[in-house]
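Listed here are the chains, written in short residue letters.
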Amino acid sequence: MTIPIAIAPRPARPALKSLPITYLATVFVVLVCVSLMSVEVWRSWNARNIELHETEIATSNLARALSQHADDTIKEADTVLVGLVERLEVDGTGSASLERLHALLIHHIAELPQLNDLSIYDETGLWLANARTGPVPLVNNSDRQYFRYHRSHPGRGPYIGPPVRSRSTGAWIVTVSRRYNHADGSFAGLVLGTINIDYFKKYYDSFDIGRAGSIFLSLNDGTMLVRRPMMDDTIGKNLSNYPIYRDYASRSAVGTAIMKSDQDGIERLIAYRHLQQYPLFVTVARSKNEVLAEWRADTYLHLFGAMLLTLALGLLGWRLIHQIRLRLLAENDLLCVQESLRMLNRHLEQLALQDSLTGLANRRQFDNALRDEFSRAMRTENSLALVMIDVDYFKQYNDIYGHLAGDECLRQISEIVKASKNRPGDLAARYGGEELVVLLPDTNLAGAVAVAEKIRVAICNLHIEHPSSTFGLVTVSAGVDAFVPVRDDNIPFELIQAADRALYAAKSAGRNRVCSSADPR
Ligand SMILES: Nc1nc2c(ncn2[C@@H]2O[C@H](COP(=O)(O)OP(=O)(O)OP(=O)(O)O)[C@@H](O)[C@H]2O)c(=O)[nH]1
């Protein structure tokens, strides 16, 4: 008969709830990627600030150089005017004096390239002498602002007027003028030097300030004199409402600002500086966009590189984590297989020691247990008991009901025998065929007889019909023996033999009873 082996179901793979190593690895990779990008962003932002700061310094320096240039340019013209005033006040405006002065005017014009013209006017605004022309045209300039200024202001200092178009050349000019007096201090006229705006323009054009950059030279009241890029309609325009004038240049001598133009919407870095000697100021503006163009290109390149690196790191990290995860899953699978094998082994072990029909211990397990308990009883000098049970008239039962019914009957009897075990050390086993045994450690003969009797009665109470039995029911006979084994005198087989003899006695005495080795024969 083949014994079916039930293989224990493979335990479900434990869910990988927390895998700290993959979690840590993921956090690490994310941290590395975020750090890399953060460092790159920080570096770029820092480079941008440095670029802006350096441009601010360069723009300030340029404003300083241009204000110095304007100062020097006007100073040279003004120095000529101071000399002329002195000559006019000493020599007067007679024809001989004017003739000499005319020659001097021509000389100065030749010397100073910024000068467009030099002129002398009398107290009515009439042109007395002029460096450009020979005979003086009968032109009256009393309508010019510089004339009205000097006539009404007794001050001897220079006056720089708003830009005007030259009546002699038609070019845009800036006027520098000084008044000269009669001996009594009354207004005698003025000397006028005109400076070509084009002179400044050419100078300003020599600087690289980008396409959207600009340079202004303005009077302190906000009137624009020179502008780069040059736009005719802006010359003479009043800037007093422009934020750079209103909020900055009108309030401090020097400074910088970043602001967006209302005109073209371009954001600019602006540096301004007032001239030291004359009431003018210079403004230099650089487009922030142009200033940062190189930085931007560099930043895009770096960010692109950093992103590629981050992507590569991320992919590598992901692959690594994937590998770790696979390895952990494999380890986990291995553990599951190990556990399955362990369970299977335990099951096989159980099968090897268990009787498949009755579920009781099999003969092999009984032999092992008898050997062990026998030794223990010998050591501890305790009594070891054995109950041997045999079903009465079982052959007839099989003959009547068939072998399968016989099996079922044996199973029911086995359940009763199994239930008779009171202590953990007790062992119920199928000895062979329809013979069952109960091994009872630490039990004397009386105790074992009681156990056997209990089994017998319980089996009677099953009321399994057996027409061929003299009792009409399935019954059992039991033989019991118990003794304290003594070394060298006893062997386990003696216990079996004695119990078997008692069983034989029970059978002989009519069956359905318990006999012990102590019973008289
Ligand atoms: N159904 C079934 N029958 C078994 C099994 N093992 C043994 N037997 C039968 O049990 C019967 C034992 O018969 P016998 O040894 O003559 O004993 P008996 O008929 O019980 O008679 P007594 O023991 O003298 O009362 C035999 O017919 C065996 O075939 C089993 O596992 N299943």
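See the structure printed just above.
Residues numbered from 1 in each chain as written. Predicted model: local features only at pLDDT ≥ 70, side-chain atom pairs only at ≥ 80, totals over all residues. Heavy atoms only, no water.

Colleague: Please explain the environment of Tyr149 as it appears in this structure.
Modeller: Among the structural elements, Tyr149 can be located in helix 3 (residues 145-152). Sequence separation between Tyr149 and Ser177 is 28 residues; the distance between their C-alpha atoms is 9.8 Å. (Helix = DSSP H or I, 4+ residues; strand = E, 2+ residues; numbered from the N terminus.)

Colleague: Explain the sheet that holds strand 7 (residues 214-219) to me, please; I cannot follow it from the model alone.
Modeller: Pairing between the strands of a sheet comes from backbone hydrogen bonds, and it takes one of two forms, parallel or antiparallel. Across the sheet, five strands lie side by side as 8-7-11-10-9; this open sheet has antiparallel pairing. Each end of this open sheet is capped by a strand with a single partner; those strands are strand 8 (224-228) and strand 9 (254-260). Going across the sheet, the axis of each strand differs from the next one's by a mean of 15 degrees, ignoring polarity. Of the strand pairs in this sheet, strand 7 and strand 8 are connected by four bridges, and their pairing is antiparallel. The residue bridging Ile215 from the neighbouring strand is Arg228, located in strand 8. (Pairing = 2+ DSSP bridges. Axes fitted to C-alpha atoms, helices over the stretch in contact; angles between N-to-C directions.)

Colleague: What should I look at first to understand the site of the ligand in this one?
Modeller: Not every one of the 18 residues close to the ligand is listed here, only the nearest: Phe394, Asn398, Arg430, Lys507 and Arg511. Asn398 places a polar side-chain atom, nitrogen or oxygen, 2.7 Å from a nitrogen atom of the ligand. His403 has a polar backbone atom sitting 3.2 Å from a nitrogen atom of the ligand. Protein chains shield 69% of the accessible area of the ligand, which is 650 Å² for the free molecule. (Near = heavy atom within 4 Å. Polar contact = N/O pair within 3.5 Å; in protein donor to acceptor, adjacent residues only side chain to side chain. Areas by Shrake-Rupley, 256 points an atom, 1.4 Å probe, with all protein chains shown as cover.)

Colleague: Help me understand the layout of surface pockets in this model?
Modeller: To find the voids left in a structure, one rolls a probe of water-molecule size over its atoms. Its volume calculated, the largest pocket comes out at about 560 Å³. Counting only elements with at least two residues in the lining of the largest pocket, the list comes to strand 7, strand 8, helix 5 (243-249), strand 9, strand 10 (267-274) and strand 11 (280-287). There is about 150 Å³ of room inside the second largest pocket. Lining the second largest pocket are Gln350, Leu353, Gln354, Gly359, Leu360, Ala361, Gln365, Lys418, Lys421, Leu427 and Ala428. For the lining of the second largest pocket, a count of residues per class yields five nonpolar, four polar and two charged. (1 Å grid on protein atoms, 1.4 Å probe; cavity = no way out; pocket = protein on both sides within 12 Å on 5 of 7 lines; lining within 4 Å. Points joined across faces, edges and corners; volume = space filled by probe spheres on them. Nonpolar A, V, L, I, M, F, W, Y, C, P; charged D, E, K, R; others polar.)

Colleague: I keep staring at empty space enclosed by the protein and nothing clicks. Help me out?
Modeller: Scanning the entire structure with this criterion turns up two cavities of 30 Å³ or more. Approximately 110 Å³ is the volume found for the largest cavity. Around the largest cavity, the lining is made up of 17 residues, and of these Tyr121, Arg167, Ile173, Leu192 and Thr194 lie nearest the centre. Those elements that place two or more of their residues in the lining of the largest cavity are strand 1 (115-122), strand 2 (127-130), strand 5 (172-181) and strand 6 (187-196). With four residues, the single largest contributor to the lining of the largest cavity is strand 1. Its residues assigned to classes, the lining of the largest cavity comprises six nonpolar, eight polar and three charged.

Colleague: Quick question: what am I supposed to make of helix 3 here?
Modeller: Structural remark: α-helix, 3.6 residues per turn; residues separated by three or four positions point the same way. All of the buried residues in helix 3 are Tyr146, Phe147 and His150. An end-on view of helix 3 places all buried positions within 100 degrees of arc, on one side of the element. Residues of helix 3 that are buried in the fold lie against strand 1, strand 3 (159-160), strand 5 and strand 6. (Buried < 20%, exposed > 50% of the residue type's maximum accessible area, 1.4 Å probe, protein only. Arc of directions from axis to C-beta. Contact = heavy atoms within 4.5 Å.)

Colleague: Explanation requested: a nonpolar patch on the surface in the structure shown.
Modeller: Taken together, the side chains of Tyr23, Leu24, Val27 and Leu31 define a hydrophobic patch exposed on the protein surface, amounting to about 420 Å² of accessible area. Within the fold, Val27 resides in helix 1 (residues 20-91). (Patch = residues over 30% accessible without salt bridge, like charges linked within 9 Å, V, L, I, M, F, W, Y side chains within 5 Å. Salt bridge = Lys/Arg side-chain N within 4 Å of Asp/Glu carboxyl O.)

Colleague: Is there a simple way to think about the environment of Gly510 in this case?
Modeller: In this structure, Gly510 sits in the loop between helix 12 (492-508) and strand 16 (514-516). By relative accessible area, Gly510 is classed as partly exposed at 27%.

These figures come from the coordinates and say nothing about function on their own.
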